[in-house]
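Coordinates in review
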Amino acid sequence: MASGAAPASAKRAVPANFMGVYWGNQAAEAPPPIQDAQWQTMAASGVESVRTVFNWAETQPQRSEAPNWSTLDALVSRAARTGLDLLPVVFGTPSWARIAKRPAAPPRDPADLARFMRLLVQRYGPEGQFWRDHPDLPRRPIRAWQIWNEPHAWWGWDVSRSRKERKYRFPAHYVRVLRAAYKAVKQADKGAKVVLAGLTTDSWRYLEQIYRAGGRGSFDVVASQTFTGKTSNLYKTLRYLRRVMRKYHDQRKGLWITETSWPAALGRAKFPRGQRPFATTDAGMARKVKDLFAMARKAARDKNVRLGRVYWYEWASPYASKNWIFDYGGLLRIGPGWSFQPMPALAAYRAAARSLTGR
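So, here is what we can say about the structure in this document. All values derive from a computational prediction rather than experimental measurement. Every chain begins its residue count from 1, and numbering advances along the sequence as written. Given that this is a predicted model, residues contribute local features only at a pLDDT of at least 70 and side-chain atom pairs are listed and counted only at 80 or more, while totals for whole chains, interfaces and linings are drawn from all residues. Only hydrogens and water are removed before side-chain values are computed, so all heavy atoms of the structure are retained for them.

So, on to the overall build of the protein chain. Secondary structure elements follow DSSP: runs of H or I of four or more residues count as helices, runs of E of two or more count as strands, with numbering from the N terminus. Helix and strand counts for the protein chain stand at 10 helices and 11 strands. The size measure is the radius of gyration over C-alpha atoms, and the globule rule it meets is 2.2 Å times the number of residues to the 0.38 power. The C-alpha atoms of the protein chain give 19 Å as radius of gyration, which agrees with the globular expectation for 359 residues (21 Å, within 12%). By principal-axis analysis of the C-alpha atoms, the protein chain measures approximately 50 × 45 × 40 Å. Exposure is judged per residue with a 1.4 Å probe applied to protein chains only, and the accessible area is read against the type maximum: over 50% gives exposed, under 20% gives buried, and values in between give partly exposed. Of all 359 residues assigned to the protein chain, the portion counted as buried reaches 57%.

Below is the structure:
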């Protein structure tokens, strides 16, 4: 049995693949053997699903050349070996496909991303070439794809510089891109799930904008990425999102939290406006992990919410920046020499996983 698989007799209080973390940033730059060990540790700690970036710009930097799959192959291999589900967030427009030179500018032509999505599913989906090329690996095809990240914000969808770019702004152009990506994914794997880009701050308002722009029918799961001081506010956000989904007769769709955290940044980093309420201490972050998954269990069983997954942001981080509070969100601290040191929140995460999954 794969190290990340639950015993058949386990009693679960939540849906499959409920316990998630984000993997990326500095952790993904560690030497390969250290990354291998961390994926084993994730599986042993109760993680069931890993959200990570599949960077379009890095994978297909030249339109005329075949994609370089080496980085993504390594991620998929680690997930397969450890028995972990993988949720790729496809993000980052190559320079040849962007509407402008700015890194966060969206793709000009939705068909460009659609072609890339088709290639991704043809490689890593149920009939993927990757699995034929690696018969030694446990076969764990990717069945969910998240299309972009926070497109309502300039750092995810930068169209702010000129009038010419207004026609590419959120939500209208994002919906065009989403619709094309959805069609491409479903053509390659009818049973795959397409996850809406993570929506933060007043996420329910952005979701309504997506529906008004014609987004209904172009995704299977709504994704919340709310950061707030209280877990009760997060619960309210989920209920607000469901309310919008019901309004547009889309209540059967899934609802996941694809990012949230309470970084242990108090006394360590400066707080940009609006971030102080969800900054805390090491001990405070451990308490928040406990509170989060207690709330998540309730939300999973609430027929008016039906929460499907939760991804903590993030698995490991350096705890070093003076200006970025999310540098202190890791369940582990990345130290000198690529040492990964458990923080108090890791024990809280493990306890939550045991309680919710029976593992």
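The next subject is helix H7 (residues 203-212). Within the span of H7, buried status applies to Ser 203, Trp 204, Leu 207, Glu 208, Ile 210 and Tyr 211. When H7 is viewed along its axis, its buried side chains cluster within an angular range of 155° and face the same direction. By definition in these notes, contact holds between two residues if any of their heavy atoms fall within 4.5 Å. Buried residues in H7 make contact with helix H6 (172-188), strand E6 (221-224) and helix H8 (231-247). At the C-terminal side of H7, Gly 214 shows a positive phi close to 95°. The arc under discussion is defined with respect to the helix axis, by the directions toward the C-beta atoms.

Moving on: the side chain of Thr 200. Mapped onto the secondary structure, Thr 200 falls in the loop between strand E5 (193-195) and H7. Of the polar contacts made by the side chain of Thr 200, one reaches the backbone oxygen of Gln 225; its length is 2.7 Å. Setting aside its immediate chain neighbours within four residues, Thr 200 contacts Glu 150, His 152, Tyr 206, Gln 225, Thr 226 and Phe 227. Two N or O atoms form a polar contact when they lie within 3.5 Å of each other; inside protein one atom must be a possible hydrogen donor and the other a possible acceptor, and for residues adjacent in sequence the pair counts only when both atoms belong to side chains.

Moving on, we come to the sheet that holds strand E10 (residues 332-335). If you walk across this open sheet you meet the 3 strands as E9-E10-E11, and the pairing is mixed. Since the sheet does not close on itself, it has two edges, and those belong to strand E9 (316-317) and strand E11 (339-342), each with one partner. Two strands are counted as paired when DSSP detects at least two bridges linking them. Examined bridge by bridge, E10 and E11 share 4 bridges and lie antiparallel to one another. In the sheet register, Leu 332 faces E11, and the bridge partner there is Pro 342.

Side-chain pairs of opposite charge can arise whenever the charged atoms involved come near each other. Salt bridges are defined as contacts in which a side-chain nitrogen from Lys or Arg sits within 4 Å of a carboxyl oxygen from Asp or Glu. One pass over the full model with this rule turns up 19 salt bridges. Across the salt bridge formed by Asp 112 and Arg 63, the nearest N and O atoms sit 3.1 Å from each other. Pair noted here: Asp 112 is in helix H4 (residues 110-124) and Arg 63 is in the loop between helix H2 (56-59) and helix H3 (70-82), with a separation of 49 residues, a long-range link.

Right, let's get into the pairing of strand E8 (residues 307-312). Among the 6 residues that make up E8, 6 are buried, leaving the element largely enclosed by the rest of the structure. As defined by bridge partners, strand E1 (residues 19-22) adjoins E8 across 3 bridges and the pair is classed as parallel. When the bridges of E8 are listed, Gly 20 appears paired with Tyr 311.

With that settled, the discussion passes to a positive patch on the surface. Residues enter patches when they are more than 30% accessible in relative terms and free of salt bridges; like-charged ones are connected within 9 Å and nonpolar ones (Val, Leu, Ile, Met, Phe, Trp, Tyr) within 5 Å. Accessible surface area values rest on a Shrake-Rupley calculation with a 1.4 Å probe, where residue burial reflects the displayed protein chains alone. Note that His is not counted, nor are the chain ends; the positive residues are Lys and Arg, and the negative ones are Asp and Glu. To locate a charge, take atom NZ for lysine, CZ for arginine, CG for aspartate or CD for glutamate. On the surface, a cluster of positive charge is contributed by Arg 108, Lys 167, Arg 176 and Arg 179. Relative to the helices and strands, Arg 179 resides in helix H6.

The next thing to look at is the packing of aromatic side chains. For any two aromatic rings, the description comes down to two numbers: the centre-to-centre distance and the angle of the planes. Aromatic pairs are defined between Phe, Tyr and Trp rings, using the six-membered ring for Trp, whenever the two ring centres lie within 6.5 Å; interplanar angles under 30 degrees are classed as stacked, those over 60 as edge-to-face, and all others as tilted. Inspection of the entire model under this criterion finds 27 aromatic pairs. Here the aromatic residues Phe 54, Trp 56, Trp 69, Trp 96, Phe 116, Tyr 124, Phe 130, Trp 131 and Trp 145 are joined through ring pairs into a cluster of three or more. Working rule: Lys NZ or Arg CZ, within 6 Å of ring centre, within 35 degrees of ring normal, means a charge sits over the ring. Over the ring of Phe 219 we find Lys 253, and its NZ or CZ is 5.1 Å from the ring centre. The aromatic ring of Tyr 235 is capped on one face by Lys 298, whose charged end is 5.1 Å from the ring centroid.

With respect to the helices and strands, the residue Thr 357 is situated in helix H10 (residues 344-357). Taking the relative accessible area as the measure of exposure, Thr 357 reaches 1% and is therefore buried. Measuring from C-alpha to C-alpha, the distance between Thr 357 and Pro 15 comes to 8.6 Å, with 342 residues separating the pair along the chain. Among the polar contacts listed, one links the side chain of Thr 357 to the backbone oxygen of Ala 353, at a separation of 2.6 Å. In this structure the side chain of Thr 357 is engaged in a polar contact, spanning 3.3 Å, whose partner is the backbone nitrogen of Arg 359.

As a further point, take the pairing of strand E7 (residues 254-260). Among the 7 residues of E7, 6 are classified as buried, and the element is accordingly described as predominantly covered. Pairing of E6 with E7 involves 4 bridges; the strand directions are parallel. By the bridge assignment, Val 222 is partnered in E7 with Leu 255. Each parallel crossover has a hand, and the one from E6 via H8 to E7 is right-handed. In this structure, E7 lies alongside E8, joined through 4 bridges in parallel fashion. Within the sheet, the bridge partner assigned to Thr 260 lies in E8 and is Trp 312. Here, the term right-handed applies to a crossover whose path from the first strand over the helix to the second runs clockwise when the strands point away from the viewer.

The next subject is the packing of H3 against H4. Note on method: axes are straight lines fitted to C-alpha atoms, helices fitted across the in-contact stretch only, with angles between N-to-C directions ranging 0 to 180 degrees. At a minimum axis separation of 12 Å, H3 and H4 run at an interaxial angle of 45°. Classed by the angle they form, the pair H3 and H4 counts as oblique. Here H3 runs over H4; the crossing is right-handed. Where H3 approaches H4, its residues Leu 72, Asp 73 and Val 76 are matched on the opposing element by Leu 120, Arg 123 and Tyr 124. Charged means Asp, Glu, Lys or Arg here, nonpolar means Ala, Val, Leu, Ile, Met, Phe, Trp, Tyr, Cys or Pro, and polar covers whatever is left, Gly included. Partitioning the contact of H3 with H4 into residue classes produces 4 nonpolar, no polar and 2 charged. An angle counts as roughly parallel when it lies under 35 degrees, as roughly antiparallel when it exceeds 145, as roughly perpendicular when it falls between 65 and 115, and as oblique in every other case. Each crossing gets its handedness from the near helix: less than a right angle anticlockwise from the far helix is left-handed, clockwise is right-handed.

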